[in-house]
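Tertiary structure, described
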Amino acid sequence: MHNKNFDVIIIGGSYAGLSAGMSLGRSLRNVLIINEGKPCNRQTPHSYNFITHDGKTPRKIAELAKADVEQYKTVYFFDERAVKLMKNVDGFKAEVSSGERFYAKKIILASGIKDIMPDIPGFAECWGISVLHCPYCHGYEVKNEVTGILANGDMAFEFSKLIFNMTKKLTLFTNGKSSLTQEKTKKLKDHEIGVNEDEIESIEHENGQIQKVVFKNGKTIVLKALYAKIPFEQNLDVSDLGCELTDQGFIKVDFMQKTSVPGVFACGDNVTMMRSVASAVAQGNLAGAMVNKEFSEEKF
Ligand SMILES: Cc1cc2nc3c(=O)[nH]c(=O)nc-3n(C[C@H](O)[C@H](O)[C@H](O)COP(=O)(O)OP(=O)(O)OC[C@H]3O[C@@H](n4cnc5c(N)ncnc54)[C@H](O)[C@@H]3O)c2cc1C
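A few points on the structure.

We now examine the sheet that holds strand β15 (residues 225-228). Strand order in the open sheet formed by 5 strands is β8-β15-β9-β10-β11, and the pairing between neighbours is parallel. The two strands at the open ends of the sheet, each matched to only one other strand, are β8 (131-132) and β11 (194-196). Of the pairings in the sheet, the one linking strand β10 (residues 170-173) to β11 comprises 3 bridges and is parallel in character. Bridged to Phe173 within β11 is Asn196. Of the strands in this sheet, β9 (147-150), β10 and β15 are in contact with helix α5 (residues 153-164), which crosses β10 at around 165°.

Another aspect to go through is the sheet that holds strand β14 (residues 220-222). Judged by pairing direction, the sheet is antiparallel, and its 3 strands sit side by side in the order β12-β13-β14 without closing on themselves. Here the strands that pair on one side only, and so sit at the sheet edges, are β12 (200-206) and β14. Taken pair by pair, the neighbouring strands of this sheet meet at an average axis angle of 25°, ignoring direction. Sheet topology places β12 next to strand β13 (residues 209-215); 6 bridges connect them, and they run antiparallel. Pairing of Ile200 across the sheet is with Phe215, part of β13.

Parameters and conventions
The numbering scheme is per chain: residues are counted from 1 as the chain's sequence reads. At least 70 in pLDDT is required for a residue's local features to be given in this predicted model, at least 80 for side-chain atom pairs to be given and counted, and no such filter applies to totals for whole chains, interfaces and linings, which use all residues. Water and hydrogen atoms play no part in the side-chain values, which are based on all heavy atoms of the structure. Two strands qualify as a pair provided DSSP detects at least 2 bridges between them. Going along the chain from the N terminus, every DSSP run of H or I of four or more residues is numbered as a helix, and every run of E of two or more is numbered as a strand. Any two residues whose heavy atoms approach within 4.5 Å are treated as being in contact. Only the stretch in contact is used when a helix axis is fitted, and all axes are lines through C-alpha atoms; the angle between N-to-C directions ranges over 0 to 180 degrees.

Have a look at this one:
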């Protein structure tokens, strides 16, 4: 690529990044989208709950989005991993894995997060297929089925309340001693939600479809679906840029998607636990518009 200088570099070219790219392309800004192409939902067979694209494959939605953005000739794409982001005199420098460097006045981080799989054989293979992160995205397809929740503590209680609406055949697996309060445990029992503290050995599955949970004590439980709350880390190390993180590990942004570093914006899964394609697209759209507004104010 000959051009190395852009108005804006967007790191991540999935739903949030493409949406930001569209706002900026339509605003005649020169944009480079650097994308490694590993969105977090790539293993899930169908993506739900995004209006007009409900039930399409994640890849199809991304391809349609990219085709939309490619119509804007001031938006460029570079398919590699950005390995280093740094401030320089009049903006920012992004270095990709092959060593090439690009420069821009502003940066949008749309780099998503990486889910950290627990050390349970079978779990990763079922992730996004029958082991589910979110009832809004995949709950309807397994409504009224025999379902488990793998979580513990207050978060497990909140998750149970939400999923109880989708199925009454529900068991909470705390995978070791429960840290729920007595009051919360009683409330779950009142709703006939079992609390199972047995330690999990593995998940048996066929092509990602869960068959049963196998416990270390030799017992098994047959399930159709398992919801799980698992930890995550940022896909991109933003410490060189100096962006502040929240206590939960998200990039801190204000209501205009501005991070704590002037000129750096962020959008999508990297800033919020409200994780959905629709939410990533909405935030990307806003980030693009706010970056454009800043340019307009600076240049007028
Ligand atoms: C298993 C699963 C199933 C889901 N199902 C649904 C569903 O049915 N419906 C729904 O609405 N939502 C669903 N979601 C949530 C949805 O996928 C996310 O909210 C959405 O993908 C977030 O978009 P994003 O652009 O922020 O991040 P992502 O889609 O994760 O994309 C981030 C992009 O940035 C790139 N990137 C990261 N770091 C770098 C770097 N250093 N250099 C270059 N590129 C980089 C990645 O490779 C990737 O292409 C699901 C999530 C998961 C995990």
